[in-house]
Amino acid sequence: MNKAFFLILITLLFVSCVPSYRISHKIYKEAKPSTNKVKAFVINKELKKEYKILEKSQIYELVKDDSYQVKIKLDSMKTTLVCGNGMAGSMLTFGLLPSSLPDEYYYGFQEIGDENKKFEFNLQVIQSLWLFNMFYPKGFSKQAGKALLASYQERNK
């Protein structure tokens, strides 16, 4: 009986705080990708996290052929993390009390073509910790991609 109780308790501790990500601004949620995308080649695909965010944003039609005129050079993403004290409530209640961490991510890239353009964006993606996130998880790359698309469209109006 005691072993079963402790096994259930330890299992709850490991799954109690399931992370999920969401975007905070309404303009982020309303952004739709363009139907006539520019084809672009990414020079430094080794920045996998940054590449995946650009891919999910659907700003460009990313191609594998480097003969296209527009080339993208990704910058390393910088992160400003907030204090983790907000997670304490969620952890102490085994994920029943939701908590969120409003982290900021600084994302940048250069568009190399006829004109060289440098883009820098502050993506506000909120990490949510809650037990019920296991039923509808949202990945970081997809949410950051939506935020990047909206920020890009807002800047290029």
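Residues numbered from 1 in each chain as written. Predicted model: local features only at pLDDT ≥ 70, side-chain atom pairs only at ≥ 80, totals over all residues. Heavy atoms only, no water.

Draft legend 1. Geometry of helix H3 (residues 48-57). Of all the residues in H3, the buried ones are Glu50, Tyr51, Ile53, Leu54 and Ser57. Along the long axis of H3, the arc covered by the buried residues comes to 160°, so they all point the same way. Immediately beyond the C-terminal end of H3, within one or two residues, lies glutamine 58, with a positive phi of roughly 60°. (Buried < 20%, exposed > 50% of the residue type's maximum accessible area, 1.4 Å probe, protein only. Helix = DSSP H or I, 4+ residues; strand = E, 2+ residues; numbered from the N terminus. Arc of directions from axis to C-beta.)

Draft legend 2. Molecular detail of the nonpolar core. Within the largest apolar cluster, 28 residues are counted, with the highest numbers of intra-cluster contacts made by Leu54, Tyr60, Ile72, Tyr107, Phe109, Leu123 and Leu148. Every element with two or more residues in this core is listed here: strand S1 (18-23), strand S2 (38-42), H3, strand S4 (70-74), strand S6 (99-112), strand S7 (117-130) and helix H5 (140-155). No other element matches H5, which puts 7 residues into this core. (Core = buried A, V, L, I, M, F, W, Y, C linked by side-chain atoms within 4.5 Å.)

Draft legend 3. Quick look at the pattern of salt bridges. Tallied over the full model, the rule gives 2 salt bridges. Across the pair lysine 118 and aspartate 75 runs a salt bridge whose closest N-O atoms are separated by 2.4 Å. Of this pair, lysine 118 sits in strand S7 while aspartate 75 is found in the loop between S4 and strand S5 (78-80), placing the two residues 43 residues apart along the sequence. One network of salt bridges, with partners in common, ties together Asp75, Lys118 and Glu120. (Salt bridge = Lys/Arg side-chain N within 4 Å of Asp/Glu carboxyl O.)

Draft legend 4. Up close: the packing of aromatic side chains. Going through the model one piece at a time under the given rule, you end up with 10 aromatic pairs. Ring centres 6.1 Å apart and planes at 10° place the aromatic pair phenylalanine 119 and phenylalanine 121 in the stacked group. Grouped by ring-pair contacts, the aromatic residues Tyr60, Tyr107, Phe109, Phe119, Phe121 and Tyr152 constitute a single cluster. (Phe/Tyr/Trp six-rings, centres within 6.5 Å; stacked < 30°, edge-to-face > 60°.)

Draft legend 5. Spatial organisation of unusual backbone geometry. With phi around 60°, glutamine 58 is a residue other than glycine that occupies positive phi space. The residue glutamine 58 is located in the loop between H3 and strand S3 (60-63) in this model. The partly exposed category is assigned to glutamine 58, whose relative accessible area is 35%.

Draft legend 6. Structural context of the pairing of S2. Summarising the sheet, S2 and S3 pair through 4 bridges and their orientation is parallel. The residue bridging valine 38 from the neighbouring strand is tyrosine 60, located in S3. Taken together, S2, H3 and S3 constitute a β-α-β crossover, and its handedness is right-handed. Note: S2 against S4, 3 bridges, orientation parallel. Following the sheet pairing, valine 42 is matched in S4 by isoleucine 72. (Pairing = 2+ DSSP bridges. Right-handed = clockwise from strand over helix to strand, strands pointing away.)

Draft legend 7. The arrangement of a positive patch on the surface in detail. A cluster of basic residues, Arg22, Lys29, Lys32, Lys52, Lys56, Lys138, Lys142 and Lys146, forms a positive patch on the protein surface. Listed by contribution, the elements that provide at least two residues to the positive patch are H3 and H5. With respect to the helices and strands, lysine 32 occurs in the loop between helix H2 (26-30) and S2. (Patch = residues over 30% accessible without salt bridge, like charges linked within 9 Å, V, L, I, M, F, W, Y side chains within 5 Å. Areas by Shrake-Rupley, 256 points an atom, 1.4 Å probe, with all protein chains shown as cover. Lys, Arg positive; Asp, Glu negative; His and termini not counted. Charge placed at Lys NZ, Arg CZ, Asp CG, Glu CD.)

Any functional reading would require information beyond the geometric quantities listed.
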